[in-house]
Amino acid sequence: MASSRPAAKIESDEHTLRLAVLIDADNAQAAVIKGLLAEIARFGEATVRRIYGDFTARTSSSWKKVLQQYAIKPVQQFAYTKGKNATDSTLIIDAMDLLYSRKFDGFCLVTSDSDFTGLAMRLREEGLTVLGFGEKKTPEAFRNACHKFVFTEVLRPSAAAEPAGPPAKAGKGQKPVPPQASAEATEQEHEFPKQFVLTALEQSSDDAGWANLSTFGSYLNKLQPDFDSRLYGYKKLSDLVKARTDLFETKELKAPGSNQKVLYVRAK
C-alpha cells in the first residue's frame with residue numbers, strides 16, 4: 001500500500017530529511033566520499049550509511065580505507081557466480097526492508113548502474129525523495145528516475161570551479177587569466193543547454209517574465225534531474241544567472257514580511 005505522505009521537498013529548511021544512503025561499491029569511487037557526504041548533507045541527515053560489495057577483492061581496497069573514517073557500514077557480498085552481480089540484489093533487498101520500516105523520507109542511491117532504475121521508480125511511487133549520485137557514464141534512464149541526480153565528477157576536490165572573483169595573477173612572461181576562464185573551459189566540455197534553460201525560465205516566470213530563482217531552479221530539476229550549474233563552472237545557480245549577462249538579467253527584492261532579499265531572474 002502506497003504511503004499517503006507527499007514527496008518531501010528537497011533542501012527544505014522546515015524539515016530535515018531522514019535519508020538512507022546506499023552505496024554500490026562496484027560502481028562508485030571512494031575518492032568522492034567526502035564531497036558526496038557533504039552534498040547529501042545539503043538535503044538532509046544521512047541516518048543510514050551502507051556500502052555493498054566484495055571487500056575481499058582488490059578493486060574494493062580504496063573503500064576499506066575510508067569506511068571507518070566516515071562511519072559507513074560495509075555489507076559483504078561474495079560473488080557466488082562469475083559474471084553475475086550479487087551486490088545489486090542485496091542492495092535492493094535492503095532498500096525494500098528500509099522502505100517498509102517507514103522511518104525514512106528519502107534514499108540516496110550511489111551508483112552508475114542502470115539496474116537500479118526500477119528501485120528508484122519504486123521508491124518514488126511510495127512518495128519518497130530519491131537522490132542519485134553517479135558518474136557521467138550513468139544511463140539516462142536511471143538519472144531521470146531520480147528526483148535529483150548529481151554527477152560525482154563535480155564532487156571531486158579538483159573539480160571545484162571558481163569562475164567568480166578577481167583575475168589570477170600572471171607569472172613573468174604569461175598572459176593574465178580572464179576571471180571566467182574556468183567557467184568557459186568547463187562549458188566547452190559540457191555544452192550549455194541554452195534553449196532548455198530559457199524554455200524552463202519562460203515556463204516558471206510571471207506575466208512580466210520574472211521568475212523567483214528558487215522556483216526556476218526547482219522547475220529545472222523537475223524537467224532534467226541531472227541539471228547542475230557546477231557542470232558549467234558555477235557553484236550555484238545564482239552564480240550562473242548573474243554571470244551569464246548575455247542571457248539573463250537579475251534583480252533582488254525584499255521578501256514580504258522579511259528583511260531577506262530574494263533573487264529574481266528574467267531572460268534578455
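Preceding this paragraph is the structure being described.
Everything in this summary refers to the structure shown in the same document. None of these values were measured; they are calculated from a predicted model.

**Quick look at helix α4 (residues 117–125)**
Turning to step 1, where the next piece is worked out: For α4, the complete set of buried residues consists of Thr117, Leu119, Ala120 and Leu123. Seen from one end, α4 has its buried residues packed into an arc of 165°, which puts them on one side.
Turning to step 2, where the next piece is worked out: The positive-phi residue at the C-terminal boundary of α4 is Gly127, with phi of around 85°.

**As for the environment of Asp54**
Turning to step 1, where the next piece is worked out: Note that Asp54 resides in the loop between β2 (44–53) and α2 (61–64).
Turning to step 2, where the next piece is worked out: Here Asp54 falls in the buried class, since its relative accessible area comes to 18%.
Turning to step 3, where the next piece is worked out: Separated by 20 residues in sequence, Asp54 and Pro74 have C-alpha atoms that sit 9.4 Å apart.
Turning to step 4, where the next piece is worked out: At 2.8 Å, the side chain of Asp54 and the side chain of Gln76 are in polar contact.

**Some details on the side chain of Ser229**
Turning to step 1, where the next piece is worked out: Within the element layout of this structure, Ser229 appears in the loop between α8 (213–223) and α9 (237–243).
Turning to step 2, where the next piece is worked out: Given a relative accessible area of 7%, Ser229 falls into the buried group.
Turning to step 3, where the next piece is worked out: Of the polar contacts made by the side chain of Ser229, one reaches the backbone oxygen of Tyr234; its length is 3.1 Å.
Turning to step 4, where the next piece is worked out: Once residues within four sequence positions are removed from consideration, Ser229 is found in contact with Tyr234, Lys235, Lys236, Leu237 and Leu240.

**A word on the nonpolar core**
Turning to step 1, where the next piece is worked out: Counting residues in each nonpolar core, the largest one holds 71 residues, and the members touching the most others are Ile23, Trp63, Phe107 and Phe216.
Turning to step 2, where the next piece is worked out: It is strand β1 (residues 17–24) that contributes the most residues to this core, six residues altogether.
Turning to step 3, where the next piece is worked out: For Ile23, the contacting residues outside a window of four places in its chain are Ala28, Ile33, Leu36, Arg50, Ile51, Tyr52, Trp63, Ile72, Leu91 and Val110.

**Considerations on the pairing of β1**
Turning to step 1, where the next piece is worked out: Among the eight residues of β1, seven are classified as buried, and the element is accordingly described as predominantly covered.
Turning to step 2, where the next piece is worked out: One ladder, built from eight bridges, connects β1 with β2; its direction is parallel. Paired with Leu19 across the bridge in β2 is Ala46.
Turning to step 3, where the next piece is worked out: With helix α1 (residues 33–41) bridging β1 and its parallel neighbour β2, the resulting β-α-β unit is right-handed.
Turning to step 4, where the next piece is worked out: For β1 and strand β4 (residues 106–110), the ladder comprises five bridges, and the chain directions are parallel. Opposite Val21, over in β4, you have Cys108 as the bridge partner.

**Comments concerning the pattern of salt bridges**
Turning to step 1, where the next piece is worked out: Throughout the structure, instances matching the rule amount to eleven salt bridges.
Turning to step 2, where the next piece is worked out: For the salt bridge of Glu39 with Arg42, the shortest nitrogen-to-oxygen distance reads 2.7 Å.
Turning to step 3, where the next piece is worked out: Taking the relative accessible area as the measure of exposure, Arg42 reaches 40% and is therefore partly exposed.
Turning to step 4, where the next piece is worked out: The shortest N-O distance in the salt bridge between Arg102 and Glu126 comes to 3.0 Å. Of the two residues, Arg102 is situated in the loop between α3 (86–100) and β4 and Glu126 in the loop between α4 and β5 (129–134); the sequence distance between them amounts to 24 residues.
Turning to step 5, where the next piece is worked out: For Arg102, a relative accessible area of 37% gives the class partly exposed.

**Section: the packing of helix α7 (residues 194–204) against α8**
Turning to step 1, where the next piece is worked out: Contact geometry for α7 and α8: axes closest at 9 Å, N-to-C directions at 125°. Here α7 is positioned oblique relative to α8, judged by the angle of their axes. The interaxial crossing formed by α7 with α8 has right-handed handedness. Residues Phe196, Val197, Ala200, Leu201, Gln203 and Ser204 of α7 form the contact with α8, whose own contacting residues are Thr215, Phe216, Tyr219, Leu220 and Leu223.

**Digging into the sheet that holds β4**
Adjacent strands of a sheet pair through backbone hydrogen bonds, lying either parallel or antiparallel.
Turning to step 1, where the next piece is worked out: Read across the sheet, six strands follow the order β3-β2-β1-β4-β5-β6 without closing on themselves; strand pairing throughout is parallel. Each edge of the open sheet is held by one strand with a lone partner, namely β3 (73–76) and β6 (148–151). The mean inter-strand angle of the sheet, taken between neighbouring strand axes irrespective of direction, is 20°.

**Section: the environment of Tyr264**
Turning to step 1, where the next piece is worked out: Its location among the elements puts Tyr264 in strand β9 (residues 261–267).
Turning to step 2, where the next piece is worked out: Taking the C-alpha atoms as reference points, Tyr264 and Ala211, separated by 53 residues in sequence, lie 5.4 Å from one another.
Turning to step 3, where the next piece is worked out: In contact with Tyr264, not counting residues within four places along its chain, are Trp210, Ala211, Asn212, Glu249, Thr250, Lys251 and Leu253.

**Let's talk about the packing of α3 against α4**
Turning to step 1, where the next piece is worked out: At a closest axis distance of 11 Å, the pairing of α3 and α4 adopts a crossing angle of 5°. With respect to α4, the axis of α3 lies roughly parallel. Two secondary-structure elements touch here, α3 through Leu91, Ile92, Ala95, Met96, Leu99 and Tyr100 and α4 through Leu119, Arg122 and Leu123.
Turning to step 2, where the next piece is worked out: When grouped by side-chain class, the residues that make up the contact of α3 with α4 number eight nonpolar, no polar and one charged.

What counts as what
Residues numbered from 1 in each chain as written. Predicted model: local features only at pLDDT ≥ 70, side-chain atom pairs only at ≥ 80, totals over all residues. Heavy atoms only, no water. Buried < 20%, exposed > 50% of the residue type's maximum accessible area, 1.4 Å probe, protein only. Helix = DSSP H or I, 4+ residues; strand = E, 2+ residues; numbered from the N terminus. Arc of directions from axis to C-beta. Polar contact = N/O pair within 3.5 Å; in protein donor to acceptor, adjacent residues only side chain to side chain. Contact = heavy atoms within 4.5 Å. Core = buried A, V, L, I, M, F, W, Y, C linked by side-chain atoms within 4.5 Å. Pairing = 2+ DSSP bridges. Right-handed = clockwise from strand over helix to strand, strands pointing away. Salt bridge = Lys/Arg side-chain N within 4 Å of Asp/Glu carboxyl O. Axes fitted to C-alpha atoms, helices over the stretch in contact; angles between N-to-C directions. Parallel < 35°, antiparallel > 145°, perpendicular 65-115°, else oblique. Left-handed = near helix turned anticlockwise from the far one by under 90°. Nonpolar A, V, L, I, M, F, W, Y, C, P; charged D, E, K, R; others polar.

As far as function goes, none of this settles anything; it's purely spatial.
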